[in-house]
Each structure stands twice: as structure tokens, then as C-alpha cells.
There are 4 protein chains.
Amino acid sequence: MKNKSTLSWRERLHEVIYEAETPAGKLFDIVLLVFIFLSVIFVMLESVRGLDPWVYTYLLYGEWVVTILFTLEYIARIICIKRPKRYIFSFYGIIDFLSTIPLYLSFFFAGSAALLTFRSLRLLRIFRILKITRYIGEGNRLKKALAHSRPKILVFLFAVMVLSLIAGTMMYLIEGEEGGFTSIPMGVYWTIVTLTTVGFGDIHPITPLGRFLASAIMIMGYGIIAVPTGIVSAEYSRRSNPEINNTQSCYNCNEKEHLDKAKYCHHCGYDLHNENEE
Amino acid sequence: MKNKSTLSWRERLHEVIYEAETPAGKLFDIVLLVFIFLSVIFVMLESVRGLDPWVYTYLLYGEWVVTILFTLEYIARIICIKRPKRYIFSFYGIIDFLSTIPLYLSFFFAGSAALLTFRSLRLLRIFRILKITRYIGEGNRLKKALAHSRPKILVFLFAVMVLSLIAGTMMYLIEGEEGGFTSIPMGVYWTIVTLTTVGFGDIHPITPLGRFLASAIMIMGYGIIAVPTGIVSAEYSRRSNPEINNTQSCYNCNEKEHLDKAKYCHHCGYDLHNENEE
Amino acid sequence: MKNKSTLSWRERLHEVIYEAETPAGKLFDIVLLVFIFLSVIFVMLESVRGLDPWVYTYLLYGEWVVTILFTLEYIARIICIKRPKRYIFSFYGIIDFLSTIPLYLSFFFAGSAALLTFRSLRLLRIFRILKITRYIGEGNRLKKALAHSRPKILVFLFAVMVLSLIAGTMMYLIEGEEGGFTSIPMGVYWTIVTLTTVGFGDIHPITPLGRFLASAIMIMGYGIIAVPTGIVSAEYSRRSNPEINNTQSCYNCNEKEHLDKAKYCHHCGYDLHNENEE
Amino acid sequence: MKNKSTLSWRERLHEVIYEAETPAGKLFDIVLLVFIFLSVIFVMLESVRGLDPWVYTYLLYGEWVVTILFTLEYIARIICIKRPKRYIFSFYGIIDFLSTIPLYLSFFFAGSAALLTFRSLRLLRIFRILKITRYIGEGNRLKKALAHSRPKILVFLFAVMVLSLIAGTMMYLIEGEEGGFTSIPMGVYWTIVTLTTVGFGDIHPITPLGRFLASAIMIMGYGIIAVPTGIVSAEYSRRSNPEINNTQSCYNCNEKEHLDKAKYCHHCGYDLHNENEE
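Cut-offs and rules
- Residues numbered from 1 in each chain as written.
- Chains lettered and ligands numbered in written order.
- Predicted model: local features only at pLDDT ≥ 70, side-chain atom pairs only at ≥ 80, totals over all residues.
- Heavy atoms only, no water.
- Helix = DSSP H or I, 4+ residues; strand = E, 2+ residues; numbered from the N terminus.
- Contact = heavy atoms within 4.5 Å.
- Axes fitted to C-alpha atoms, helices over the stretch in contact; angles between N-to-C directions.
- Parallel < 35°, antiparallel > 145°, perpendicular 65-115°, else oblique.
- Nonpolar A, V, L, I, M, F, W, Y, C, P; charged D, E, K, R; others polar.
- Least-squares fit on C-alpha atoms with pLDDT ≥ 70 in both.
- Buried area = accessible area lost by both parts, 1.4 Å probe.
- Salt bridge = Lys/Arg side-chain N within 4 Å of Asp/Glu carboxyl O.
- Polar contact = N/O pair within 3.5 Å; in protein donor to acceptor, adjacent residues only side chain to side chain.
- Expected span 1.5 Å × (residues − 1).
- Buried < 20%, exposed > 50% of the residue type's maximum accessible area, 1.4 Å probe, protein only.
- UniProt positions renumbered as here; feature names shortened; annotations may be inferred.
- Phe/Tyr/Trp six-rings, centres within 6.5 Å; stacked < 30°, edge-to-face > 60°.
- pLDDT = per-residue confidence, 0-100.
- Patch = residues over 30% accessible without salt bridge, like charges linked within 9 Å, V, L, I, M, F, W, Y side chains within 5 Å.
- Areas by Shrake-Rupley, 256 points an atom, 1.4 Å probe, with all protein chains shown as cover.
- Left-handed = near helix turned anticlockwise from the far one by under 90°.
- Lys, Arg positive; Asp, Glu negative; His and termini not counted.
- Charge placed at Lys NZ, Arg CZ, Asp CG, Glu CD.

Describing the overall build of chain A
The secondary structure content of chain A amounts to 13 helices and zero strands. Ordered by position from N to C terminus, the α and β elements of chain A give α-α-α-α-α-α-α-α-α-α-α-α-α. Here the analysis covers contacts within chain A between residues at least 6 apart in sequence; of these, 50% occur between residues at least 24 apart.

In C-alpha cells form, the structure reads like this:
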């Protein structure tokens, strides 16, 4: 990072908008987040029917305020970056654009069907919220733990899918259309609903054999739900034994268990770092 | 604690009511708890309709007994404390007051609607039960384990909420009003019901695409339910791990994390046992 | 145990019926178990309506066979024991008696209502099956792990109950009778159904506020279901840290626990690989 | 494995079809897998009703392509193996045969009922997909973890079954036919649905006593779902855990991993205790 006084106004703006290391940058991100949350709440409320008419009027006003602010932000982002094209065609660049235009488009395309489509574009703003995770150190730890157990989780998902296919097909053949199992995809859907212990109840077996198989699937679901839990759990246990993740051993007494931050041997009081440097 | 014989009757009453270190204090708390439980059962039964009329008569008698005892307790609490105002406007003071007055208020305000409101005040007594937890050492351990994994849990809850927003909106757009997804908040509600594997079934997808997305959400729910389990599990494992189960702190540098077998401070090399014996 | 030849026939019968260390004793227990399972299946099938009439006829025959065998077993148990009264009034003695008499009683008391009651007595035989667990060493381990974490589980259950009371009352006040929350006990029942992620869907919130509270309860259910899992998981981890994954045994001292990479016996210093190659 | 140039064309074909160590063998397996997946999708779509007629026409074309390829593969498998009978009557041999013939059989047996049966044979192809697991090393680890905890899981399943029997019978006696508990097997089915926290809601208690018992079963379900999770979790933790709980290190070779009870270094055979005493 260069010295502040030597920065041009575009560089400063860039620091505020794209970075979060300065107080201004942090403030910008928090304000942006508040407006994203507000716009999400506006979109959610707009979808609710049967409210008083004045609510929809105020929602439209709010929508305009948010749209104008998002427009200004979008323009600022393009101005202060060196390669605007790279931002415009990036993932967040496209989302920023799409979440800004709906209200403008509503001038050209009238009609409820078209508006519904525009509204759905506005909802993409929600993805912006995901950016907040970068501020939370814990989020990275969670991500790392999940990333590390990804091969296990993929194998597990594959096993669940094959099992769902087989069980869903069997349920379709056993139950037939009476119980709601109108096709194999429906049977597979039901099996996933059951294996994950969600159990909506919109489709459920009615024949004795179907119920017996359903019981077997449910009890298997027990074992299956244990697997991802076990994986993540073990991963976390492994990660959160932070006390001793080193191989230091005391030069004086050869004691080997030392906390990561230890400077002196807890057994004999010898200086551990002195040893390391020699 | 002063010598018992030198205590005034108000100090002794204070010891019985507010503390739990003497046999009388423990007995008082147990008796109080029994009456709180009784009053909770009375309120619960009162809300049940279709019972024999004499049941409601006896419930009223019981209600009177409990109300009078609660009144006496409330007066005693005010008398024996030095700063009555501090108790009266404390959290439990307000609850104690609110759980005592409903029956008295029913003299002034007649009618079923008003009585329903009073009844709801009575229910606040339930919170008193929470005080019992202080007697159970295990409760503190549970609390500590939860408190320690709070940042992880908050990040997790945030992730669940963002996911629910996105998935709920998508389900609203895909399913529309036919399947019960009448608004985005409804879609978010359904997503939470599904992700937590509760699955009431009052709202459920009916289009093939909606069912496909629902399957994806359910399988993600698998992975997601594994996260809090893994967190708490790891937290518990960590706590029952032998590395650091002591409260030693170095006399020299005040470092507090020491292995159980440590003889010397790992931070400054000071003799830990020497300190303990002095 | 005395020498076999010196045992009287009653002592030998006792050994067969009450113990499981001799082949005859084991065989007796297995045969008994098969008949208990059969009688359970008979009772289960008898409760199913709409089967062919001959099925019920065969079930009655089977019932007679089982009843006669159970009678003989009951008499044998009384004969071969020194203190018959102690057996007769023991837990299993009473169950054995109650599971034998229903068919005999049906001679004296005719009528479907009375028979239903007798049938319920027969069902107590199911408890006998629980005795099988003593053969399975793993069962004891499971029991021990659960027993060890009992205080934690009790505190947890208490917390769940208080939470259910508070949440159930709030749901009753918010939702009212429309949504099926006809009384506070009903609200508490619904909260338990929801917290445990079962979610039948017979009762479910319909007001926006009720749905918001329900979402909060469900997400809390996430954290809550993690607690018993974490407890049992940590308990198991603690117990199952057996250090070895091989079946090496020292040629010199027959020590069987060796690390996977071990070259020499850690008990006597003998060369393990030398032994393997010879 | 012989030198490639010396292999006959049948040996080379065998290597491609039955093995997966050569690039051609891997390619064959991947192509086969794609076609199995395609055939599964064809069967699934065929079971869906109400699609455009041309979809069914294209599905029939696809079905023919897949059937012809499967026929060629089946013939190739028989030709290139030394003992064709052994393959033909093996598990996968029979599945390969059964998944190939349905379309041919449809020439001889016309009518929807017969076609449905043929279709069910075709579904057996799904099992082929299971073969993919051999490529995934993680799959073996998962399998091992499950296999190792099998005795625990069996005991657990037995406990769940006995509990379901007892609880299901009690619910049948308490609820009777009104609530949907028409027979004991139905009660057992409901108990499994509830214990596994699936909760369809097609059957649910309606009497106060039944609801009370249901609450107890659900809360027990909490504890029960924790057991398999704990088992698998501990199994996973164990596998990623270092085997030792001590800090012994050999004076002679400085080997650091020793069992807690080790007396001699497993690497060089040196006396560990001798070292400690010096």
C-alpha cells in the first residue's frame, strides 16, 4: 500500500469501495450491506399480498431510493477501477448490474408478467450479502473444514443418490400410483424426503410392503445422517485441538508436549526458542 | 458471611429467600419451585377446554392458594432486602409482580378477553423455573460449551439465513401460489422448515422443478445439520481432553494456559509448583 | 460351579434355564427367544384386520402352542429354583405369569372388550426380548456410555422441557385455536414435535407471527439436537481410543497390543518382524 | 501382467473390459457408466406420464441404442473371458443379462402389464453404478469405518426395533383405530417414522395420553439419533487420531510414538524405563 497523501482521488475511492482495511472502506461496506438488506426486505414484502395499499406505495419509494444508490455505486465502481471491463464482466459486476436495472426496465416493459421477471433479477442482490462472510474469520474456518472433508462428502452424496434411485424405483413398483408414487422420479423425490428425515407427508406409502420398505429406508436414514455429522465432527475435532500442533521438544529435558505459544519448557523451565535458534 | 447468631431476623430471612447455601434456603427454593410448577400446571389445564366443570372450580381454588403464597413471598422479598427498589425493578422482580397480580386484576376487569391477557401474564412464572439451573453444575458446563462455540454458531446461523433467503425466493418463483408458496416470506419459512428436517407438509412443492430444487435443499440440509453437531461435539471432546483441565496461573507472568503436568511456566520459565506451595 | 456328575436333576435344570454358560443353557435361551418372537408376531398379526379368516384360525393354533410351552417353562422355572416365591414375585416372574394366562382367562371372560385387555397382557412378553442384550458385549458398552453421560442428558432434557413450556405457551397465545393450538398442552406437544424435527404437520402455525416464532424454534432445534449428539459422540471418542489396528502378537511374551509401525515388542523388547518372517 | 505385445486380441479385450489399469480400460468404464446413467434416466422418464407423445418415441429410440450397446458389451464380455459360465452366472453377469433382454422380450409378450414387469428388470442396471465406487479411495475408507462400527450399529438397531415394538403396541392400545393406529404393525410403523424424526403425519396421535406418549418417544428419539452419529463420529475421530497418549521417547533412537504401557522401544528394542530412571 502506498502512502495515503500520494494517492489520487480515484485510488482513494478504489480503496474505499474495493477494500476494507481503512475505516472509510469498512463504513462503506457496512452501509452497502444495510441497503442490500433493505432491498431484500423490500422485495420480500412486495411479494406479500393483501397488505394495505399505502405499504406498496412506500415500498416503491424505497425501491427508488435503493435503485438510485445502487446506480451511483455501480458508476463509482466503474470509474475508480483501472480495467472497468474486468469488473463489468465479473460475477459480482454482472450481479450489480442486474440488481440495478429492473426499475429502469419497468419503464419500457409494462405488464405484470414482465415485472415479475424483473423482480426476480432484483433478488440476485441477495448474493451480495454472501460477501460479508469475508469479514468473519470463523467463516473461513468453517469453509476450510468443509473443503477438507469435500471428497468424503462427495462420496457420501453419490451413495445417497444411488440409494435414492434404487429405493425410489422399488417404492414406485411396490406402491404404484395410489399412494402418490406416480413415477420413478416421484419415488426418488419421496426417498430423498424420507432419507433426510424431512418427511413432508404429501406422498406416503399405504401398502404393508411399502410401509415395511419405508421403515427400512428410515432406519438406514439414521445411519446415513450419522455420516456427514461424523465427518464434519471429526474434521472439527482435528482442527480444534489447537493446543499442541507443533513438534517442539526441549533441548534440556526432551519434553515434547508444548503449547504452540510456549517459550519455555513447562517441565524444566529451559528456553525453547534459544534451542531453536542454535 | 457473618456469624449466624449476630444476624437480625431480616438478614436471616434474606439468607433464606435470596441464598441457597443454608438448609432453610435450599428448602425455600425447592418449595417455591414446587409451587411454580403447580401454577404452571394450573395455567396449562385452565387452557384445556371440554373438561368437567368441577375441574375448573378446583383450578380456581388452587390458583387462589398459589396467588396468596406468591403475594406473601413477594412482600417478604421486599421487606428483607436493603434496597427494595433495586429488586422491584429487576428482571425477576417484575416477573414476580406480574405473576402475582392477574387474579387481583380480574376483580376490576371482567370479561373473557381481559382474562386471557391476565392469564398470559401468569405464564411468565415459567421463567422462574430457569433459576433452578444454578443448582446443576452440569448446566454451567453445557452453557460454557455453548458460549465457547458461539462465534461458530453465529456464522452458521448467518449462513443458514442467507441460504434460506435465496432458496425461499427461488421456490417462490418456481412454485408460485399453487403449491402454497404465496409470498417470499412463505418460501423462506418453508425453506427453514425443510432445512431443519422438520417438514410439516402444510406447504410442499408440486412442480417437477420445485421438487428437484427441494431435493437439493434437503440434501444440503444433511450437510448443514452436521455443522452445529460437529461444533458442539468438538467442543465437548476438547473439554474432556486432558491437556488443560486446570486453573494454574503463573505467579510471574500471569499466563493461564498450562498443561496439567506442567512444572514450569511455558511463557516465562517460572517454577509453577514453587508458587503453589508458597 | 460344582462338578457336573454330582448335580441333581433340579440343579441341572436350573443351570439350563437360568444360566447360559453350558451349550444346553444357550440352546434353551435361543429356543425361548424364538418362541417369544413368534408370540410377538402372532399378537401383531392378530391385531391386523381384514385378513383371510383361516389366518386367524392358524394364529389361534399357534397361540395355543406358545401358551402351552410358556406354561411348561413357567412350571419348570418354579420347580427347579430353591426359593420359588422370589422368582414368582420378581419382575420377570410376573411378566412370565402375565404372558402365559391370557388364553386361559379367555375361557372365563368372553366378549371382545375383555379379550382386548387379555391381548394387552400378552404383549408384555416383548419385554422378555430385552434379556437377549446380556449376550451382546457391545450392548453393555452402549449402556455404559449412556449411563456415564446421564447427568448431561438429564440437564439437557430439563432445558428442552422448560423451552417447550415457554415456546408452547407463546404459540398458543399467538396462534389461538384456528391453527390447531387449542390449549397450552397442545402448544407444548407441537413444540416438542417441532424441536425434535419430527414435524407431523397435523398442527402447524398459520399466522405470520406464529410462523416467525416457529422458524426461530426450528433453528434453535438445530442447536439443541446437536447437544445430545455431541455428548454421546464425545463419550464414545473418549472410550474408543484403542491404540492399535493390527493383530501382531509377540512370539516371546505373547503381548498383543502393538502399534502398527512397531518393530520390537514394547513389553519384552523381542524382535517382532524376525518372528513374522520365521 | 504380461508384456502388451505378446497379448492376444482376446486378452487385450479382457484387459479393457474387466480391468481399469490401462487408459483404454478406464475409458471403457467411463463410457459404460455414461450409458448406464442414460438408461436409468430413460427408465425414469418413461415412468412419468403426461409428457408429449414424441418424448416417448425418442425414449424408445434411446432405449434401442442402449439395448444394442448393452448386447454388444454382453457378447464381448462372454467372448473375451476364459470361463464364460463363471461370468454368466455371477451376480453382475445375471444383472447384465437381465438389463439387456427386456426390449427383446417385449416382442414376444405384448400388453402393458407384461411391459411393466420388463421395465422393472431394466431398473436393475442401476446396480451397475455401484461399481463406480471402486475408483474412489474415499469410498473404501467410508466402508471401513462403517464395517468397523458394525457390531455397535447392530446392537443399536436391535434396541431401536425392540423399542419400536413396545412403543408401537402401547400406541395401538392407547390410540385405537380412530387416530389411524389400525393394528400393531401400523403402530410400529408409526413409531419408526417418529423415532427417526421423519414424521410424515399420515398417522398421528389424537388422544391426550397418546400425545403424551408420543412426546416421550420423540424426546427419546433425540437420544437415539445421537447414538449412530456418536458411533460413526468416534470411528472417524479414531482414524484421524494419533495412537498415543504419552510423551515417551526412546533414548537410543529418539522414536517418539510409544503405547502408553510400552516398556521397550518398538523401533530399536531399547529399554524405555531404564532411560526414564536415569
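Description of the packing of helix 2 (residues 23-47) of chain C against helix 11 (residues 184-195) of chain D
Packed helix pairs are characterised by how far apart their axes lie and by the angle those axes make with each other. It is the contact of helix 2 of chain C with helix 11 of chain D, at a shortest axis distance of 6 Å, that shows an interaxial angle of 105 degrees. Relative to helix 11 of chain D, helix 2 of chain C is oriented roughly perpendicular. Residue-level contacts link Val43(C), Met44(C) and Ser47(C) of helix 2 of chain C to Ile184(D), Pro185(D) and Val188(D) of helix 11 of chain D. Classifying every residue of the contact of helix 2 of chain C with helix 11 of chain D gives five nonpolar, one polar and no charged.

Quick look at the relation of the copies chain D and chain B
A rotation about an axis combined with a shift along that same axis relates the two copies of the chain. Of the two same-sequence chains, chain D is brought onto chain B (RMSD 0.1 Å, axial shift 0.0 Å) by a rotation of 180 degrees. Such a combination of turn and shift is consistent with a two-fold rotation axis. Both copies share a contact surface, since 83% of the interface residues of chain D are interface residues in chain B too.

Details of the environment of Thr182(A)
Tracing the backbone shows Thr182(A) in the loop between helix 10 (150-175) and helix 11 (184-195). Apart from residues lying up to four places away in sequence, Thr182(A) is in contact with Tyr172(A), Glu177(A) and Ser47(D).

Some thoughts on the interface of chain D and chain B
Taken together, the contacts link six residues of chain D with six residues of chain B. Between chain D and chain B the total buried area reaches about 250 Å² when both faces are included, carbon and sulfur atoms providing 24% of it. Connecting chain D to chain B are zero salt bridges. Counting every contact that joins chain D to chain B gives zero residue pairs in polar contact (both at pLDDT 80 or more). Considered class by class, the residues forming the side of chain D that touches chain B number one nonpolar, five polar and no charged.

Some remarks on helix 11 of chain A
Residues and elements named next belong to chain A. In a regular helix each residue adds 1.5 Å, so twelve residues correspond to 16 Å; helix 11 covers 16 Å between its end C-alpha atoms and thus fits that length. In terms of burial, helix 11 is a largely internal element, eleven of the twelve residues being buried. Among the residues of helix 11, Ile184, Met186, Gly187, Val188, Tyr189, Trp190, Thr191, Ile192, Val193, Thr194 and Leu195 are the ones counted as buried. Thr197 sits one or two positions beyond helix 11 and adopts a positive phi of about 60 degrees.

Looking at the side chain of Arg77(A)
Residue and element names in this part refer to chain A. Turning to its location among the elements, Arg77 is positioned in helix 3 (residues 53-79). You can call Arg77 buried: its relative accessible area is 2%. Side chain to side chain, Arg77 and Glu73 meet in a polar contact 2.6 Å long.

Describing the UniProt feature "transmembrane region" (unreviewed entry) in chain A
In the UniProt entry, the feature "transmembrane region" (unreviewed entry) is given for residues 27-48, 54-75, 87-107, 153-174, 180-200 and 212-232 of chain A. Regarding residues 153-174 of chain A, the helix share stands at 100% and the strand share at 0%, and the terminal C-alpha atoms are separated by 31 Å.

Looking at the packing of aromatic side chains
Counted according to the given criterion, the structure contains 24 aromatic pairs over all chains. Consider the rings of Phe181(A) and Trp190(A), whose centres lie 5.3 Å apart with planes at 70 degrees: the pair is edge-to-face. A single burial state applies to Phe181(A) and to Trp190(A), both of which are buried. For the ring pair Tyr74(D) and Tyr87(D), a centre distance of 6.1 Å and an interplane angle of 50 degrees mean the geometry is tilted. Residue Tyr74(D) is found in helix 3 (residues 53-79), and its partner Tyr87(D) is found in helix 4 (residues 84-88); the two are separated by 13 residues along the sequence. Comparing Tyr74(D) with Tyr87(D), the two get one shared label, buried. Through a chain of ring-to-ring contacts, three or more aromatic side chains come together here, namely Trp54(A), Tyr58(A) and Tyr61(A).

Things to note about unusual backbone geometry
Unlike most non-glycine residues, Thr197(B) shows phi in positive territory, near 60 degrees. Looking at the element boundaries, Thr197(B) is found in the loop between helix 11 (184-195) and helix 12 (208-239).

A few points about the confidence of the model for chain A
Residues and elements named next belong to chain A. Here chain A averages 74 in pLDDT, and 68% of its residues register 70 or above. Mean pLDDT in chain A bottoms out at helix 13 (residues 272-277), which sits at 52, and peaks at helix 11, which reaches 90. Contacts from residues 240-245, a stretch scored under 50 in pLDDT, to residues over four places away or in other chains number 18 contacts. As scored by the predictor, the complex reaches a pTM of 0.77 and an ipTM of 0.73.

Details of a nonpolar patch on the surface
Residues and elements named next belong to chain A. Taken together, the side chains of Val65, Ile68, Leu69 and Leu72 define a hydrophobic patch exposed on the protein surface, amounting to about 330 Å² of accessible area. Following the sequence through the fold, Leu72 ends up in helix 3. For Leu72, a relative accessible area of 51% gives the class exposed.

Observations regarding helix 2 (residues 23-47) of chain D
For helix 2 of chain D, which comprises 25 residues, the first-to-last C-alpha distance of 37 Å matches the rise-based estimate of 36 Å (1.5 Å per residue) to within 8%. Within helix 2 of chain D, burial applies to Gly25(D), Asp29(D), Leu32(D), Leu33(D), Ile36(D), Ser39(D), Val40(D), Phe42(D), Val43(D), Met44(D) and Ser47(D).

Some words on the pattern of salt bridges
For the structure on display, the rule yields ten salt bridges over all chains. Between Arg77(B) and Glu73(B) there is a salt bridge, with the nearest N and O atoms lying 2.6 Å from each other. Taken together, the residues span about one helical turn, with Arg77(B) and Glu73(B) both in helix 3 (residues 53-80) at a distance of four residues. Each of the salt bridges in this network shares a partner with another, and the network as a whole consists of Glu73(A), Arg77(A) and Asp96(A).

Description of the packing of helix 1 (residues 9-18) of chain D against helix 3 of chain D
Residue and element names in this part refer to chain D. Look at helix 1 against helix 3: their axes get within 9 Å of each other, and the N-to-C directions meet at 125 degrees. Comparing their axes, helix 3 and helix 1 come out oblique. Helix-helix and strand crossings are classified by hand; for helix 1 and helix 3 the assignment is left-handed. Judged by residue contacts, Trp9, Arg10, Leu13, Ile17 and Tyr18 of helix 1 engage Ala76, Arg77 and Ile79 from helix 3. Split into classes, the residues belonging to the contact of helix 1 with helix 3 amount to six nonpolar, no polar and two charged.

Things to note about the side chain of Ser183(C)
You can see Ser183(C) is positioned in the loop between helix 10 (150-175) and helix 11 (184-195). Exposure remark for Ser183(C): the relative accessible area of 7% places this residue in the buried category. Excluding residues within four positions of it along the chain, Ser183(C) makes contact with Ser47(B), Val48(B) and Tyr172(C).

As for a positive patch on the surface
Residues and elements named next belong to chain A. Positive charge collects at one region of the surface, where Arg10, Lys82, Arg83 and Arg86 lie side by side. Checked against the element boundaries, Lys82 lands in the loop between helix 3 and helix 4 (84-88). Residue Lys82 is classed as exposed on the basis of its relative accessible area, which comes to 78%.

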